[in-house]
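Observations on chain architecture
Residues per chain are reported as follows:
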Amino acid sequence: MNDEQLQRSLQSIGKACFVKYLDTFSNPQISNEDLVDYLIAQESYKESGARTRVTQTRRIIREGRTEDALHMVMSSLRIDDQTRDLARTMIGKWET
């Protein structure tokens, strides 16, 4: 996954959603189907949107781009301070 693909994936997920649910999505004990159901319940996303968010987030994690994605979130001008701060605190956990 190159930087452009990573940026597109983050746009598909939503940067705030990526940060808010990253720990949950990174849990290998939770199936994709359970995550889709969880997002629908928590955020009222449609199934297709929830499925996209789950698969794209898990792809970022699988391809080792989580730290890079968190840096992209932090440098975004359109993200709120709370999300930016949460991304900053999560980076240490994902450093490679």
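Rules behind the numbers
Residue numbers run consecutively from 1 along every chain, following the written order of its sequence. Restriction of local features to residues with pLDDT of at least 70 applies here, the model being predicted, together with a cutoff of 80 or more for giving and counting side-chain atom pairs; totals for whole chains, interfaces and linings are based on all residues. Side-chain figures throughout are based on the complete set of non-hydrogen atoms in the structure, without hydrogens or water. Salt bridges are defined by distance alone: a side-chain nitrogen of Lys or Arg within 4 Å of a carboxyl oxygen of Asp or Glu. Each helix corresponds to a stretch of at least 4 residues labelled H or I by DSSP, and each strand to a stretch of at least 2 residues labelled E; elements are numbered beginning at the N terminus. Buried, partly exposed and exposed residues are distinguished by accessible area as a fraction of the type maximum, computed with a 1.4 Å probe on protein chains only: under 20%, between the cut-offs, and over 50%, respectively. To estimate the expected span of a helix, count its residues, drop one, and scale the result by 1.5 Å. Any two residues having at least one pair of non-hydrogen atoms within 4.5 Å are treated as being in contact.

Here we look at the pattern of salt bridges
Throughout the structure, instances matching the rule amount to 9 salt bridges. The salt bridge involving glutamate 4 is made with arginine 8; its shortest N-O contact spans 2.8 Å. With a gap of 4 residues between them, glutamate 4 and arginine 8 both fall in helix H1 (residues 3–13), about one helical turn apart. Overall, arginine 8 belongs to the partly exposed group, its relative accessible area being 44%. For aspartate 68, the salt bridge is made with arginine 65, and the minimal N-O distance between the two is 2.7 Å. With a relative accessible area of 11%, arginine 65 lands in the buried category. When salt bridges that share partners are traced, they join Asp3, Arg65 and Asp68 into one network.

Section: helix H4 (residues 47–62)
Helix length check: H4 (16 residues) gives 22 Å between terminal C-alpha atoms against 22 Å at 1.5 Å per residue, within 8%. Every buried residue of H4 is accounted for by Gly49, Ala50, Arg53, Val54, Gln56, Thr57, Arg58 and Ile60. Of the surrounding secondary structure, the elements contacted by the buried residues of H4 are H1, helix H2 (15–25), helix H3 (32–43) and helix H5 (66–75).

Section: the environment of methionine 74
Of note, methionine 74 is situated in helix H5. Sequence separation between methionine 74 and lysine 15 is 59 residues, and the spatial gap between their C-alpha atoms is 9.4 Å.

Let's talk about the side chain of serine 9
The topology assignment puts serine 9 in helix H1. Residue classification places serine 9 among the buried positions, given a relative accessible area of 3%. In contact with serine 9, other than residues within four places in its own chain, are Met1, Gln56, Arg59 and Ile60.

Quick word on unusual backbone geometry
One non-glycine residue, serine 44, lies in positive phi territory at about 60°. Mapped onto the secondary structure, serine 44 falls in the loop between H3 and H4.

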